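# Descriptive structure summary
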Amino acid sequence: MKKTSKKSQKNIFQYINDIKKAANRETNLAWFNGKPGIDKMLYHEEQRKVIQNFGFTIIKKVNSFSYYVLSRNKFSLSDTFEILSPLLNEIKKIKIVQMFDKDNISVTVVNTPMSVVKVIFDTHIELKKNDIVRIVR
């Protein structure tokens, strides 16, 4: 039996934690087997804090530090972000140093989902269209 290294175990725990971040509400079979009974209905009896938040997706690269993005939720300059990209071997944390709206006006907060915004990151990072950026909470 092959022994798992400490580094591999760390990676496994990181993957497990990342998978847990994808769930933000309770689920069940409900309508899968016909009309659900009262025992299958979810009445928000459990209020859980969402541990992830989908910030935006990459639309297009402008240069080494900046990209056009499509917002999915509210985010601001003070947030820290995690990049999920097949180009990266691991999840990278990054900050935004400047943002501009569609009229090229500097903004500090993006409130509206599906808005196109230009973001400038604090470091060079190679991303491609449809890479996902989530807000660290």
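This write-up is about the structure you can find in this document.

Criteria and cut-off values
Residues numbered from 1 in each chain as written. Predicted model: local features only at pLDDT ≥ 70, side-chain atom pairs only at ≥ 80, totals over all residues. Heavy atoms only, no water. Core = buried A, V, L, I, M, F, W, Y, C linked by side-chain atoms within 4.5 Å. Buried < 20%, exposed > 50% of the residue type's maximum accessible area, 1.4 Å probe, protein only. Helix = DSSP H or I, 4+ residues; strand = E, 2+ residues; numbered from the N terminus. Contact = heavy atoms within 4.5 Å. Salt bridge = Lys/Arg side-chain N within 4 Å of Asp/Glu carboxyl O.

Membership of the largest hydrophobic core comes to 20 residues, with the highest contact counts inside it found for Phe56, Phe75, Phe81, Ile96, Met99 and Phe121. Elements that contribute at least two residues to this core include exactly β1 (53–61), β2 (66–71), β4 (80–84), β5 (92–100), β8 (116–121) and β9 (132–135). Once residues within four sequence positions are removed from consideration, Phe81 is found in contact with Phe56, Phe75, Ser76, Lys92, Lys93, Ile94, Ile96, Val133, Arg134, Ile135 and Val136.

Attention now moves to unusual backbone geometry. The backbone phi angle of Asn104 is positive, close to 65°, even though this residue is not glycine. Checked against the element boundaries, Asn104 lands in the loop between β5 and β6 (106–107). Judged by relative accessible area, Asn104 falls into the exposed class, the value being 55%. Its identity is not glycine, yet Met114 carries a phi of approximately 70°, on the positive side.

Counted according to the given criterion, the structure contains 5 salt bridges. Ionic pairing is found between Glu82 and Arg134, a salt bridge with its closest N-O pair at 2.5 Å. Highlighted residues: Glu82 in strand β4 and Arg134 in strand β9, separated in sequence by 52 residues. On the basis of relative accessible area, Glu82 is assigned to the buried category, the value being 5%. One salt bridge connects Glu90 with Lys92, and the closest N-O pair in it is separated by 3.8 Å. What makes Glu90 exposed here is its relative accessible area of 51%. Members of the salt-bridge network, linked through shared partners, are Glu82, Lys93 and Arg134.

Geometric values such as these leave the question of function open.
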